[in-house]
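# Coordinate analysis (summary)
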Amino acid sequence: MRTFNNIAKVIGDARYYLYTQKELAHLMGYKNGQFVSNVERGLCGIPANIIPEVAIILEIDSSVIVKAMVNDYKEYLNNCVKENTPKTRIPSLRKMDTL
């Protein structure tokens, strides 16, 4: 399962003293605060195309948001590899050709 813990922390921490969730959502073009709530709970990330706008609104460098999103994706990929690593050794395809 994919998580968004890093972006959740960045957005939540940056927003906390500046805006309510509803205010930030409206500035981002959403009708209510549910989207921001979902981001801050780590249920979803933010669309890549609004990173610059969100960075300006939250008065942070866009590289902070990008780094958080990249770290979330790295964690997702590492979890996928761990979860899908075979428990037993798979025979080499080269050895199967000679059988």
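The text that follows walks through the structure, step by step, so that each part is easy to find.

## Topic: the overall build of the protein
Helices and strands together make up the secondary structure of the protein, namely six helices and zero strands. A burial count over the protein gives 30% of its 99 residues as buried. Nonlocal contacts in the protein, meaning residues at least 24 apart in sequence, comprise 56% of its contacts between residues at least 6 apart. Per element, the accessible surface of the protein, about 7,200 Å² overall, is 57% carbon and sulfur.

## Thoughts on the packing of helix H4 (residues 51-58) against helix H5 (residues 62-84)
At a minimum axis distance of 8 Å, the contact between H4 and H5 shows a crossing angle of 120°. In terms of orientation, H4 and H5 fall into the oblique class. As H4 runs across H5, the sense of the crossing is right-handed. Counting all contacts with H4, which are made through Ile-51, Val-54 and Ala-55, the residues of H5 involved are Ser-62, Ile-65, Val-66 and Met-69.

## Observations concerning the packing of aromatic side chains
Going through the model one piece at a time under the given rule, you end up with three aromatic pairs. Centroid distance Tyr-16 to Tyr-17: 4.8 Å. Interplanar angle 90°. Geometry classified as edge-to-face. Where Tyr-30 meets Phe-35, the ring centres are 4.2 Å apart and the plane angle is 10°; that geometry is what we call stacked. Since its relative accessible area comes to 27%, Tyr-30 is described here as partly exposed. Assessed through its relative accessible area of 14%, Phe-35 is described here as buried. In this structure, Arg-2 packs its charged tip against the face of Tyr-76, placed 5.4 Å from the ring centre.

## So, the pattern of salt bridges
Side chains that differ in charge, positive against negative, can pair when their charged atoms come close. Applying the stated criterion across every chain yields a total of two salt bridges. Note that Asp-13 is salt-bridged to Lys-9, the shortest N-O span being 2.6 Å. Taken together, the positions of Asp-13 and Lys-9, both in helix H1 (residues 5-16) and four residues apart, correspond to about one turn of that helix. Under the relative-accessibility criterion, Lys-9 is labelled exposed at 52%. With a shortest N-O distance of 2.4 Å, Glu-40 and Arg-15 are connected by a salt bridge. Of the two residues, Glu-40 is situated in helix H3 (residues 34-40) and Arg-15 in helix H1; the sequence distance between them amounts to 25 residues.

## Observations regarding H4
Every buried residue of H4 is listed here: Ile-51, Val-54, Ala-55, Ile-57 and Leu-58. Buried residues of H4 fall within an arc of 165° about the axis and therefore sit on the same side. Taken together, the buried residues of H4 touch H1, helix H2 (21-27) and H5. Positive backbone phi, at 60°, marks Glu-59, one or two positions downstream of H4.

Conventions adopted
Residues numbered from 1 in each chain as written. Predicted model: local features only at pLDDT ≥ 70, side-chain atom pairs only at ≥ 80, totals over all residues. Heavy atoms only, no water. Helix = DSSP H or I, 4+ residues; strand = E, 2+ residues; numbered from the N terminus. Buried < 20%, exposed > 50% of the residue type's maximum accessible area, 1.4 Å probe, protein only. Contact = heavy atoms within 4.5 Å. Areas by Shrake-Rupley, 256 points an atom, 1.4 Å probe, with all protein chains shown as cover. Axes fitted to C-alpha atoms, helices over the stretch in contact; angles between N-to-C directions. Parallel < 35°, antiparallel > 145°, perpendicular 65-115°, else oblique. Left-handed = near helix turned anticlockwise from the far one by under 90°. Phe/Tyr/Trp six-rings, centres within 6.5 Å; stacked < 30°, edge-to-face > 60°. Lys NZ or Arg CZ within 6 Å of the ring centre and 35° of its normal. Salt bridge = Lys/Arg side-chain N within 4 Å of Asp/Glu carboxyl O. Arc of directions from axis to C-beta.

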